[in-house]
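# Remarks on the overall topology
So you can see what is in the structure, the chains are spelled out below.
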Amino acid sequence: MRLQLRYFASLRDAAGSESENVEHAGDAASLYALLAARHGFALPQSRVRLAVNGAFVPWSQALHEGDEVVFLPPVSGG
Amino acid sequence: MRLQLRYFASLRDAAGSESENVEHAGDAASLYALLAARHGFALPQSRVRLAVNGAFVPWSQALHEGDEVVFLPPVSGG
Amino acid sequence: MATLGARVSRFGLNAATIDVDALRRELEDPHCGAVVAFDGIVRDHHGGRAVSELRYEAYAAMAEREGQAIVDAALREFAVRRIIAEHRTGLLAIGEVAVHVGVAAAHRDAAFAACRFVIDQIKERVPIWKHEHYADGAAEWIHPD
Amino acid sequence: MATLGARVSRFGLNAATIDVDALRRELEDPHCGAVVAFDGIVRDHHGGRAVSELRYEAYAAMAEREGQAIVDAALREFAVRRIIAEHRTGLLAIGEVAVHVGVAAAHRDAAFAACRFVIDQIKERVPIWKHEHYADGAAEWIHPD
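Everything in this summary refers to the structure shown in the same document.

Rules behind the numbers
- Residues numbered from 1 in each chain as written.
- Chains lettered and ligands numbered in written order.
- Predicted model: local features only at pLDDT ≥ 70, side-chain atom pairs only at ≥ 80, totals over all residues.
- Heavy atoms only, no water.
- Helix = DSSP H or I, 4+ residues; strand = E, 2+ residues; numbered from the N terminus.
- Buried < 20%, exposed > 50% of the residue type's maximum accessible area, 1.4 Å probe, protein only.
- Contact = heavy atoms within 4.5 Å.
- Buried area = accessible area lost by both parts, 1.4 Å probe.
- Salt bridge = Lys/Arg side-chain N within 4 Å of Asp/Glu carboxyl O.
- Polar contact = N/O pair within 3.5 Å; in protein donor to acceptor, adjacent residues only side chain to side chain.
- Least-squares fit on C-alpha atoms with pLDDT ≥ 70 in both.

Before going further, it helps to examine the environment of Arg6(B). For Arg6(B), the position within the fold is in strand 1 (residues 2-6). Residue classification places Arg6(B) among the partly exposed positions, given a relative accessible area of 31%. Taking the C-alpha atoms as reference points, Arg6(B) and Glu65(B), separated by 59 residues in sequence, lie 15 Å from one another. In this view, Arg6(B) contacts Glu18(B), Ser19(B), Glu68(B), Val69(B), Val70(B), Phe71(B) and Tyr59(C); residues no more than four positions away in its chain are not counted.

Before going further, it helps to spend a moment on the interface of chain B and chain C. Each partner contributes residues to the interface: chain B has 23 residues there, and chain C has 24 residues. Summed over both partners, the interface of chain B with chain C buries about 2000 Å², with 54% contributed by carbon and sulfur atoms. Where chain B touches chain C, the interface holds 2 salt bridges. Notably, a salt bridge pairs Glu57(C) with Arg12(B), separated by 2.2 Å at the nearest N-O pair. One can count 20 residue pairs in polar contact (both at pLDDT 80 or more) joining chain B with chain C.

Below, the discussion takes up unusual backbone geometry. Across the chain, the bulk of peptide bonds are trans and the bulk of non-glycine residues have phi less than zero. Residue and element names in this part refer to chain B. Its identity is not glycine, yet Ala9 carries a phi of approximately 55°, on the positive side. With respect to the helices, strands and loops of the structure, Ala9 is situated in helix 1 (residues 9-15). A relative accessible area of 0% means that Ala9 is categorised as buried. Not every positive phi belongs to a glycine, and Asn53 is a case in point at roughly 55°. Note that Asn53 resides in the loop between strand 3 (49-52) and strand 4 (55-57).

Accessible area lost during the coming together of the parts is what is often quoted as the interface size. With 36 residues of chain C in contact, the opposing surface of chain D contributes 36 residues. Interface of chain C and chain D: buried area, both sides summed, is about 3100 Å²; carbon and sulfur atoms make up 52% of it. Where chain C meets chain D, there are 8 salt bridges. The residue Asp109(D) makes a salt bridge to Arg116(C) at a minimum N-O spacing of 2.5 Å.

Turning next to the relation of the copies chain C and chain D. For the pair chain C and chain D, the superposition axis carries a translation of 0.0 Å, the fit reaches an RMSD of 0.0 Å, and the rotation angle comes to 180°. As the rotation angle and translation indicate, the two copies are arranged about a two-fold axis. Looking at the rotation axis and the C-alpha trace of chain C, the residue lying nearest is Ala37(C), at 2.6 Å. The share of interface residues of chain C whose copies in chain D are also at the interface is 100%, consistent with both copies meeting through the same surface.

Here's what the structure looks like:
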């Protein structure tokens with residue numbers, strides 16, 4: 001399936017890009033592992049939260065064609 | 001001894017005056033009892049705090065010539 | 001880092017309008033990441049009765065001393081840098097600020113705790129009394145149990 | 001008593017200066033006797049390093065939704081009438097307001113509790129990130145453990 005990724009903060013710096021589109025057949029965890037290796041993300045998955053289409057979801061949630069997928073580094077607003 | 005009394009809030013209304021000078025030989029509790037009877041104060045001594053010369057003091061504290069004595073009704077600032 | 005500004009604790013009675021915006025600016029401090037402010041405001045009702053206005057009477061010299069002792073204690077006991085509090089006296093309309101407490105600190109825990117401490121202590125022991133005037137023309141001194 | 005005004009809960013991102021004085025006036029409500037406001041302000045130091053300025057980046061659509069969910073939850077769970085929160089984005093200088101939370105309620109217990117809840121939740125789950133710029137020229141994304 002085709003997924004739209006957006007990157008923020010340190011993940012954006014590491015990816016060198018604000019967004020990318022990927023083809024991926026597995027779950028979000030396998031996608032994060034793949035991208036972490038490709039872009040050299042320093043954050044382990046345990047410190048990253050998953051957002052799909054602008055809402056927090058568990059890592060176990062299945063992804064679907066066209067989803068906007070964001071791996072959220074620990075937030076630091078406020 | 002001569003004491004300067006000042007009245008606030010409901011005690012001032014009951015006394016009909018902001019202040020008075022009294023001659024009194026006993027302690028603050030006996031003075032309050034005397035004035036409560038004279039002016040018809042509605043508040044029992046248990047609900048009144050004692051201030052002498054602008055500071056809270058225990059009812060057991062001895063009064064002295066020239067003291068400014070204030071019987072403080074329960075406060076309601078804020 | 002900027003020069004360390006003086007720590008501040010100040011309590012005052014104010015017979016005129018409390019200028020909350022100006023007091024807030026006095027809390028500015030480059031070391032402080034958290035400001036917590038409390039405003040006590042004249043409400044239009046109390047105990048089920050419609051309030052039209054109220055008047056605060058203070059035993060002024062003692063109120064100033066007690067209030068100052070409270071903000072001084074808060075500056076000692078909490079990790080905060082600036083505390084400014086003012087309490088109104090005289091006649092107040094609905095919506096007017098009766099009391100303001102502003103606290104600046106490096107972190108929010110201390111700012112919240114100190115602000116809460118100061119307003120609780122003011123209500124507990126500063127000799128100020130509220131005379132409530134009701135819509136039906138009656139008036140009453142408030143002496144909480 | 002005055003007509004009962006609407007209860008309000010509003011969260012917004014703001015790319016320009018947060019107008020704290022104006023937001024405070026939006027909290028005015030004749031039924032409310034207590035206003036508690038929190039301001040998070042850019043400090044000149046963090047973790048022992050001198051900070052020169054910082055930049056907030058937001059996942060904007062999600063941040064607005066999460067922030068609004070937080071203030072809506074606070075309005076449901078606490079006895080408060082108005083909650084207005086704003087968070088800055090973009091480049092901020094030392095002393096600028098990064099986040100503001102204002103709460104109006106009949107009584108101070110609920111106002112303090114709701115204000116604290118909202119700022120804690122914002123820091124916990126609104127997707128906004130701080131990029132700190134240090135006096136020595138370095139810069140770092142803040143990703144708390």
